[in-house]
Amino acid sequence: MPSVFIKTYGCQMNERDSEAVAAQLVAKGYTLAPSEAVADVILLNTCSVRDFAEQKAIGKMQNIAADVRKHHPEVVLGFMGCMAQSRGQELIDRLPDVDLVLGTQKFHHAANYLDEILAGRRDKIVDVAAEQGSEATIREHLLNGNAQKSVTAFVSIMQGCNQYCTFCIVPYTRGEERSRSIPDIVAECRQLVSQGVKEITLLGQIVTSYGKRGFGRAELPLGQDAQQRVPTTKKTSFVQLLDAVHEIDGLERIRFTAPHPKGYGDDLIQAYARLPQLVGSAHLPVQSGSDRVLKLMHRGYTRERFLGIVRKLRRAKPDIGITTDIIVGFPGETEDDFEQTLSLAREVQFDNAYIFKYSQRRDTPAAEMPGQVPLKIREERNHRLLETINEIGKRKYDAFVGQRTQILVEGPSKKNPARLAGRTRCNKIVVFDGSERHRGQLLDVKITRAGSFTLYGDPAIVNL
Ligand code: SAM
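Below, the structure is looked at part by part.

Parameters and conventions
Residues numbered from 1 in each chain as written. Predicted model: local features only at pLDDT ≥ 70, side-chain atom pairs only at ≥ 80, totals over all residues. Heavy atoms only, no water. Helix = DSSP H or I, 4+ residues; strand = E, 2+ residues; numbered from the N terminus. Rg over C-alpha atoms; globule rule 2.2 N^0.38 Å. Buried < 20%, exposed > 50% of the residue type's maximum accessible area, 1.4 Å probe, protein only. Contact = heavy atoms within 4.5 Å. Areas by Shrake-Rupley, 256 points an atom, 1.4 Å probe, with all protein chains shown as cover. Lys, Arg positive; Asp, Glu negative; His and termini not counted. Charge placed at Lys NZ, Arg CZ, Asp CG, Glu CD. Pairing = 2+ DSSP bridges. Axes fitted to C-alpha atoms, helices over the stretch in contact; angles between N-to-C directions. Polar contact = N/O pair within 3.5 Å; in protein donor to acceptor, adjacent residues only side chain to side chain. Parallel < 35°, antiparallel > 145°, perpendicular 65-115°, else oblique. Nonpolar A, V, L, I, M, F, W, Y, C, P; charged D, E, K, R; others polar. Left-handed = near helix turned anticlockwise from the far one by under 90°. Phe/Tyr/Trp six-rings, centres within 6.5 Å; stacked < 30°, edge-to-face > 60°. Near = heavy atom within 4 Å.

Turning next to the overall build of the chain. Counting secondary structure elements, the chain contains 14 helices and 19 strands. What you see for the chain is a C-alpha radius of gyration of 23 Å, in line with the 23 Å of a compact globule of 464 residues. For the C-alpha atoms alone, the extent of the chain along its principal axes is close to 60 × 55 × 50 Å. Within the chain, the proportion of its 464 residues that are buried is 55%. For the chain, the share of sequence-separated contacts (at least 6 apart) that also reach a separation of at least 24 residues comes to 73%. For the chain, the computed accessible surface area is about 19800 Å², with 50% contributed by carbon and sulfur atoms. Taken together, the 63 basic and 56 acidic charged side chains of the chain have centroids lying 4 Å from each other.

So, about the sheet that holds strand E1 (residues 3–8). Ordered by their spatial adjacency, six strands build an open sheet running E2-E1-E3-E4-E5-E6, and the pairing between neighbours is parallel. In the strand order of this sheet, the two ends are held by strand E2 (31–32) and strand E6 (125–127), each with one partner. Note that strand E3 (residues 41–46) and strand E4 (residues 76–80) share five bridges and pair parallel. Looking at E4, one finds that Asn45 is bridged to Met80. Where helix H2 (residues 51–71) meets the sheet, its contacts fall on E1, E3 and E4, and the angle it forms with E4 comes to roughly 175°.

Below, the discussion takes up the environment of Arg253. Within the secondary structure layout, Arg253 lies in strand E11 (residues 253–257). The class for Arg253 is buried, based on a relative accessible area of 0%. Not counting residues up to four positions away in its chain, the partners in contact with Arg253 are Lys198, Glu199, Ile200, Gln277, Val279, Gln406, Ile407, Leu408, Arg423, Thr424, Arg425 and Leu442. Within polar-contact distance, the side chain of Arg253 engages the backbone oxygen of Arg423 at 2.9 Å.

Here we come to the packing of helix H1 (residues 12–27) against helix H5 (residues 110–118). Between H1 and H5, whose axes approach to 9 Å, the crossing angle comes to 55°. For the element pair H1 / H5, the angle class is oblique. Contact residues: H1 offers Val21, Gln24 and Leu25, while H5 offers Ala110, Ala111 and Leu114. A breakdown of the residues in the contact of H1 with H5 according to their chemical character gives five nonpolar, one polar and no charged.

Here we take up the packing of helix H10 (residues 266–274) against helix H12 (residues 303–316). Close contact between H10 and H12 brings their axes to 8 Å; oriented N to C, the two are set at 30°. With respect to H12, the axis of H10 lies roughly parallel. Judged by the sense of rotation from one axis to the other, the crossing of H10 with H12 is right-handed. Between H10 and H12, the contacting residues are Asp266, Ile269, Tyr272 and Ala273 on the first element and Ile309, Lys312, Leu313 and Ala316 on the second. Partitioned by chemical class, the residues of the contact of H10 with H12 number six nonpolar, no polar and two charged.

Let's shift gears to the environment of Leu342. Within the secondary structure, Leu342 is located in helix H13 (residues 335–348). Of the residues examined, Leu342 reaches a relative accessible area of 4% and is grouped as buried. Leu342 sits ten residues away from Gly332 along the chain, and the two C-alpha atoms are 17 Å apart.

A complete count under the given rule lists nine aromatic pairs for this structure. Measuring from ring centre to ring centre gives 6.3 Å for Phe306 and Phe350, while their planes differ by 55°; the resulting arrangement is tilted. In this pair, Phe306 is assigned in helix H12 and Phe350 in the loop between H13 and strand E14 (352–357), connecting sequence segments 44 residues apart. Both residues of the pair, Phe306 and Phe350, belong to the buried class. Aromatic pair Tyr397 and Phe453: ring centres 5.5 Å apart, planes at 80°, arrangement edge-to-face. With Tyr397 in helix H14 (residues 375–398) and Phe453 in the loop between strand E18 (442–450) and strand E19 (455–457), this pair connects stretches of sequence that are 56 residues apart.

Let us look at the side chain of Arg174. Relative to the assigned elements, Arg174 resides in helix H6 (residues 170–174). A relative accessible area of 2% places Arg174 in the buried class. Separated by 2.8 Å, the side chains of Arg174 and Asn14 make a polar contact.

Here the residue pair Thr257 and Ala258 is connected by a cis peptide bond, since its omega of 0° sits within 30 degrees of zero. Relative to the elements of secondary structure, Ala258 occurs in the loop between E11 and H10. Despite not being glycine, Asp363 has its phi angle at roughly 70°, a positive value. With respect to the helices and strands, the residue Asp363 is situated in the loop between E14 and H14. On the basis of relative accessibility, which here comes to 64%, the residue Asp363 falls in the exposed class. Although it is not a glycine, Asn427 sits at a positive phi angle of roughly 75°. When you line up the elements, Asn427 lands in the loop between strand E16 (420–424) and strand E17 (429–432). Owing to a relative accessible area of 32%, Asn427 belongs among the partly exposed residues under this scheme.

Surrounding the ligand, one finds 17 residues, the nearest of these being Phe167, Gln205, Gln287, Asp325 and Ser359. Residue Gln287 places a side-chain N or O atom 2.7 Å away from an oxygen atom belonging to the ligand. In the environment of the ligand, an oxygen atom lies 3.3 Å from a nitrogen or oxygen atom belonging to the side chain of Arg299. Isolated, the ligand exposes 570 Å² of accessible area, and the fraction of that covered by the protein chains is 93%. At the level of elements, strand E13 (321–328) and E14 are the ones that each hand at least two residues to the shell around the ligand.

Listed below in structure tokens is the structure:
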């Protein structure tokens, strides 16, 4: 049977889509190639959020077409995901070596299309049409893909985005919000837990909008007990989903990403206090600290509202870890606006932040806005904000030294596979000297040292 190599660019949603495609192909008898040089099929799962990500994938495909095809003329080449969706046929016109272009609602057709191409029944395939029900098709997992038991798993709960932030291409590449039903998601989570998974991350472009468009609240099958836990507020569909997943025996930790700050109503904030398995970590993409820029971005909240959410979250869960996304150099951003972002970062004391230089995306309103900020200024602001975030992060990580904390051991450390790595409930990586038998365990470790956004634990006091 043919072998496949999938390279993924971009977010966790893309990682999850790639895993589902790989699992689908393995179920059909394909093997996973260890490198692109020996693969019969090479798929690039692409990201369109910034131009840089698109250029990287295009450059990679050009290299593959030039190098790999020379030694292996029969290799099948494909683009999938966001850039495939937004560029479609244009990709084959530009790179005629490409055989398959598969959009974001079509991942589940990958195996059939590849069979057709490999058997010579079809030459080029471009499929980027919308498909009803596709949100429920990202369900296969590859838990033993690297011959090791997976402790953590990602579960896609919805597809698409209706926020239309003025900078963002996602609503155009991922389509309208569509949510899977709670029973469907719970069944997938249950299955994963029965296979040894201890931590599940619920995934979507805007998880806090879960269920807002796809189905009515009446469909949600929750027990009386779960319904009565928050008598004062009406729960959103997303919080009802958290409740339902929380009922699964054997599931130790629940995470989710990405939420939208405006989706942090009181019911979600209370969920952090009342659901023990919901970890104390929140990724709150703020994007800017300036109300003027937030309005231009169409974010739907003010600086004060954002700070209010952070205050409430910390009251509900004092040791919560809070991370964010920030864009620097949005069109029209002045030095004063940027200073407000710096001051917000200091005020919130984020545990970490992903900083993005604004990138013009076609068909988005911000691409046409006046006051596009020159690259030099975007780079300079990126650098200054990074220094602030690093400084705050260092203080926050140093404060862990000497403390005991619980980690879920995930497997070998990425940087040094001789050591093991786990995560705290507030989502900080802890590296320690352990052994394979610790994988999947919840361990108390003592933090002995803090590095750059990594903690180190002392093996001597690991509880056995
Ligand atoms: N759905 C999440 C939200 O908006 O709350 C995040 C999704 S997006 C894939 C991840 C991050 O990329 C965004 O939070 C934003 O900071 C960044 N991003 C999106 N569009 C961008 C652009 N045109 N230029 C630079 N960064 C961008």
